[in-house]
Amino acid sequence: MVSAKATGAEVDANLKRRNVPAVAASDASGEIQKVVEVEDKKSRKPVKKQGSFDIEAWIAPIVFTFFGFFTRVYNIGQSDIVTWDEAHFGKFGSYYLKREFYFDVHPPLGKMLVGLSGYLAGYNGSFEFKSGEHYPPELNYTFMRIFNATFGALCVPLAYYTSKQLHFSKATTWLVTLMVLCENSYATISRFILLDSMLLFFTFTTMLCYATFHNLQKQSFSPEWWAWLFLSGLSIGCVCSVKWVGLFVTALVGLYTVEDLWNKFADYRMPKTTYVMHWIARIIGLIIIPSAVYIASFYAHFTILNRSGPGDAQMSSLFQANLRGTDLVNSPLEVAIGSKVTIKNMGYGGGLLHSHVQTYPEGSGQQQITCYHHKDANNDWFFYPTRNDPPYNSDEEPRFFGDKDTIRLIHAQTGRNLHSHTVAAPITKKHNEVSGYGNITVGDDKDNWVIEVVNDAISKDYSRIRTLTTAFRLKHKVLGCYLRAGNVNLPQWGFKQIEVTCIKENKPRDVFTHWNIESHTNEKLPKADRKAFRSPFFRDFLHLNVAMMTSNNALVPDPDKQDDLASQWWQWPILHVGLRMCSWDDNVVKYFLLGNPIVYWGSTASLVLFALTILVYLVRWQRGYPDLTQKDIDHIHYSGLYPLIGWFAHYIPFVAMARVTYVHHYYPALYFAILTAGFLTDHATKRLPKLAYYAVYAVLYAAVIGVFILFIPISFGMKGPNSQWKHLKWSKNWRISN
């Protein structure tokens with residue numbers, strides 16, 4: 001019903017309401033007439049003369065933007081210490097300036113922008129950004145913070161224009177804008193070198209593009225229509241390139257697009273070629289463009305970070321070989337008995353074969369074998385012959401090996417043999433445990449492994465194992481199982497490193513059973529030619545994204561540690577907790593991450609009230625009451641229901657997530673709750689008498705602004721003893737004062 005009307009298809013008016021008994025027909029028609037008359041009076045507005053100047057449309061956003069910058073930038077440099085996650089994202093920005101490769105669970109766009117802010121500030125990337133340390137005088141951290149705060153400040157006019165495009169009244173548009181402007185958590189988190197202001201900015205731009213593009217449905221394929229479609233794609237690409245949370249607003253736009261195309265499919269008057277063009281336009285604008293932006297951010301990431309750095313181990317060995325300063329290209333090409341190597345798992349997110357002196361707390365109790373993403377001496381292994389073969393002699397000529405040959409692997413630091421047996425693995429119980437056992441002379445035939453070459457990037461000759469280029473599997477000589485390192489993390493007793501097992505099934509295409517030699521030391525062998533090592537971009541792109549996903553999933557709460565900053569999903573909408581962003585010593589400028597109670601509680605209540613409102617309308621519609629016109633239904637649908645869906649899309653995933661969560665994870669969802677509150681207020685007040693109407697909004701404005709000013713010290717910084725701010729501790733869980 002709604003869909004057909006939205007696409008221009010004519011629908012019989014009798015289909016728009018439920019049938020009512022015939023005896024009530026005259027009453028119903030009279031009621032309909034009254035409703036129409038009321039609607040006509042309400043919708044009747046003074047017609048502006050063509051070319052008239054709407055001063056509010058120009059002055060209001062300028063004023064709001066000014067206060068947006070003031071609340072985000074005022075006294076932004078008074079705290080000269082590294083605050084909260086500045087320790088992470090400031091450091092990541094430094095890597096771009098030093099061009100050293102690093103690894104993080106988030107896509108690179110936001111961190112590249114942090115690096116850009118440092119470059120513009122004249123920073124050389126030398127500061128380590130250790131939490132709580134003072135910034136050095138030569139680092140213009142204030143400029144870097146202002147750069148980030150700009151994204152947060154610009155969210156204010158974006159909220160204004162989005163409200164306009166959602167057809168909220170002028171008073172409601174101001175209310176929504178004030179709720180964003182006076183949201184203490186937004187104002188606070190925008191003042192530091194973090195990604196959240198950028199994430200919010202691109203979330204806001206995506207919603208503005210959605211609302212504007214929807215309003216251009218009757219101007220399909222016009223230049224303005226194409227422009228906003230492409231801007232939607234650009235915004236989606238950017239928000240997903242800052243954090244994967246951007247996928248949630250992408251899903252919202254995707255849902256709208258599916259509905260829109262489905263509605264157009266019902267319009268029998270639309271030519272088939274036009275309908276196909278709509279599909280092509282959406283594919284280009286909402287799939288190809290966002291994908292291109294996302295991929296381009298990684299291409300820039302790889303191009304800038306062309307030097308070896310702390311994140312090398314997360315990438316494939318071939319990728320690392322192309323980094324400047326790496327020692328991998330100094331390795332001999334062909335591997336021989338006696339060579340000292342590191343062995344890299346080729347699965348996405350795979351690490352280096354690793355061992356340490358710690359033993360399994362269960363199972364065999366022997367030495368742990370894991371995969372580890374950081375480089376240290378515990379990743380080193382020696383290739384040795386089996387005990388049935390001639391022993392290794394350091395004075396002999398190099399003895400090479402290849403496909404189908406049997407070898408032993410000796411851990412360089414502890415001397416243990418890589419070993420497996422019929423004991424169940426610690427986590428993946430259906431696999432065999434892999435352990436460190438015996439030494440060079442002590443052991444058994446369960447220390448023996450058969451090499452099976454999968455492929456070689458530079459040669460079809462599998463009789464030699466080559467550094468970096470040869471992919472091989474290790475088959476246990478006795479058990480017939482294959483050495484595997486999936487993306488399963490051990491508990492704290494295994495230092496959260498990746499479990500290594502021996503899988504019984506023979507799955508040649510399982511990349512987690514594929515290994516390659518990463519670094520290689522053998523003084524008797526010549527160095528390899530660097531030109532032998534090339535790594536395709538899209539393979540590296542896919543590898544890094546899977547590694548990010550794997551590491552992100554591993555960010556689970558540690559039961560052995562108490563995280564005072566973490567919070568749970570149910571606490572966020574009711575503002576149950578806040579977050580101390582720094583030390584709470586008297587001599588430190590303190591910041592407390594907490595929302596405006598009026599904005600939080602009001603927006604959360606609106607979610608429930610909106611659902612109840614829809615329920616009431618549905619019940620009355622079922623009974624035949626003509627409360628809503630088609631225009632009202634469309635307004636509820638696109639300006640009320642979609643923001644509510646946006647809130648669910650950004651909130652519900654955190655209910656299901658096992659990873660550790662913090663209060664700032666709610667901030668994108670909060671914006672959709674604010675839009676829902678704006679719609680509900682607009683809908684509830686549109687029939688009020690003028691005096692009551694203005695009184696309601698005056699009270700709402702005063703409450704939002706007043707509470708923001710009351711709590712403004714937590715955003716601008718609290719100096720001195722925290723006891724002087726105990727009047728702001730409305731809840732015992734708000735740790736503003738001790």
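The shown structure was predicted, so the numbers you read here are calculated from the model rather than taken from an experiment.

Each value, and the rule that gives it
Residues numbered from 1 in each chain as written. Predicted model: local features only at pLDDT ≥ 70, side-chain atom pairs only at ≥ 80, totals over all residues. Heavy atoms only, no water. Disulfide = S-S within 2.5 Å. Buried < 20%, exposed > 50% of the residue type's maximum accessible area, 1.4 Å probe, protein only. Salt bridge = Lys/Arg side-chain N within 4 Å of Asp/Glu carboxyl O. Helix = DSSP H or I, 4+ residues; strand = E, 2+ residues; numbered from the N terminus. Expected span 1.5 Å × (residues − 1). Phe/Tyr/Trp six-rings, centres within 6.5 Å; stacked < 30°, edge-to-face > 60°. Lys NZ or Arg CZ within 6 Å of the ring centre and 35° of its normal. Core = buried A, V, L, I, M, F, W, Y, C linked by side-chain atoms within 4.5 Å. Contact = heavy atoms within 4.5 Å. Bend = angle between axes of the 7 residues up to and from the residue. Patch = residues over 30% accessible without salt bridge, like charges linked within 9 Å, V, L, I, M, F, W, Y side chains within 5 Å. Areas by Shrake-Rupley, 256 points an atom, 1.4 Å probe, with all protein chains shown as cover. Polar contact = N/O pair within 3.5 Å; in protein donor to acceptor, adjacent residues only side chain to side chain. pLDDT = per-residue confidence, 0-100.

(A) Layout of the state of the cysteines. Counted under the stated rule, the structure contains one disulfide. Of the cysteine sulfurs around Cys 209, a residue in no disulfide, the closest is that of Cys 238, at 10 Å. This cysteine, Cys 238, is not joined by any disulfide, and Cys 240 carries the nearest cysteine sulfur, 9.5 Å off. Overall, the relative accessible area of 13% leaves Cys 238 in the buried class.

(B) A look at the pattern of salt bridges. For the structure on display, the rule yields 20 salt bridges. Taking the shortest distance from any N to any O, the salt bridge between Asp 260 and Lys 264 comes out at 2.7 Å. With Asp 260 and Lys 264 both in helix α11 (residues 246-265) and four residues apart, the pair spans about one turn of that helix. The residues Asp 260 and Lys 264 share a single accessibility class, namely buried. Residues Asp 267 and Arg 269 are paired through a salt bridge, measuring 3.7 Å at the closest nitrogen-oxygen approach. Connected through salt bridges with shared partners, the residues Asp 260, Lys 264 and Arg 282 form a single ionic network.

(C) Helix α17 (residues 667-685), seen in detail. With 19 residues, α17 should cover 27 Å at 1.5 Å per step; its first-to-last C-alpha distance of 27 Å lies within 8% of that length. Counting buried positions along α17 gives 18 out of 19 residues, so the element sits mostly inside the fold.

(D) Local environment of the packing of aromatic side chains. Inspection of every chain in the model, using the stated rule, returns 69 aromatic pairs. Consider the rings of Phe 64 and Tyr 160, whose centres lie 6.1 Å apart with planes at 40°: the pair is tilted. Here Tyr 160 lies in helix α6 (residues 141-165) and Phe 64 lies in helix α3 (residues 55-73), a separation of 96 residues in the sequence. Residues Phe 64 and Tyr 160 agree in their burial class; the two are buried. Note on Trp 572 and Tyr 651: the rings are 6.4 Å apart at their centroids and 75° apart in plane angle, and the pair reads as edge-to-face. Note that Trp 572 is positioned in the loop between α14 (537-553) and β14 (579-580) and Tyr 651 in helix α16 (residues 630-656), a separation of 79 residues in sequence. Here Trp 572 and Tyr 651 have matching classes, each one buried. One aromatic cluster in this structure is built from Phe 101, Tyr 294, Phe 298, Tyr 299, Phe 302, Phe 319, Phe 537, Phe 538 and Phe 541. Lys 111 extends its terminal NZ or CZ atom over the ring of Phe 92, reaching a point 5.6 Å from the ring centre.

(E) Seen up close, the nonpolar core. Counting residues in each nonpolar core, the largest one holds 143 residues, and the members touching the most others are Phe 129, Val 180, Phe 204, Tyr 666 and Ile 736. In this structure, Phe 129 is in contact with Val 82, Glu 86, Ala 87, Gly 90, Lys 91, Ser 94, Tyr 123, Tyr 135, Leu 139, Met 144 and Ile 193, ignoring residues within four places of it in sequence. Membership of the second largest hydrophobic core comes to 29 residues, among which are Tyr 360, Trp 449, Ile 451 and Phe 472.

(F) Seen up close, α16. For α16, with 27 residues, the first-to-last C-alpha span of 37 Å sits near the 39 Å given by 1.5 Å per residue. At Leu 641, α16 shows its maximal bend, which comes to roughly 30°, and the proline Pro 643 appears one to four places after that position.

(G) Main features of a nonpolar patch on the surface. Among the surface-exposed residues, Phe 53, Ile 55, Trp 58, Ile 59, Val 63, Phe 66, Phe 67, Phe 70 and Tyr 74 lie close enough to one another that they form a single nonpolar patch of about 970 Å² accessible area. When you line up the elements, Tyr 74 lands in the loop between α3 and α4 (86-98). You can call Tyr 74 partly exposed: its relative accessible area is 40%.

(H) Up close: the side chain of Ser 519. Position of Ser 519 among the secondary structure elements: in strand β13 (residues 515-521). A polar contact is formed between the side chain of Ser 519 and the side chain of Thr 342, at a distance of 2.7 Å. What Ser 519 contacts, discounting residues up to four positions off in sequence, is Leu 328, Ser 331, Lys 340, Val 341 and Thr 342.

(I) How the structure looks around the side chain of Thr 188. Summarising the element assignment, Thr 188 is placed in helix α8 (residues 184-189). Reaching out from Thr 188, the side chain makes a polar contact with the backbone oxygen of Asn 184 at a distance of 2.7 Å. With sequence-adjacent residues up to four places away left out, Thr 188 is seen in contact with Met 581, Tyr 591, Phe 592, Leu 593, Ile 714 and Ser 715.

(J) Expanded view of the confidence of the model for the chain. This prediction gives the chain a mean pLDDT of 91; 93% of its residues lie at or above 70. Segment residues 1-49 is flagged for pLDDT under 50; beyond a separation of four residues in sequence, or across chains, it makes 46 contacts in the model.

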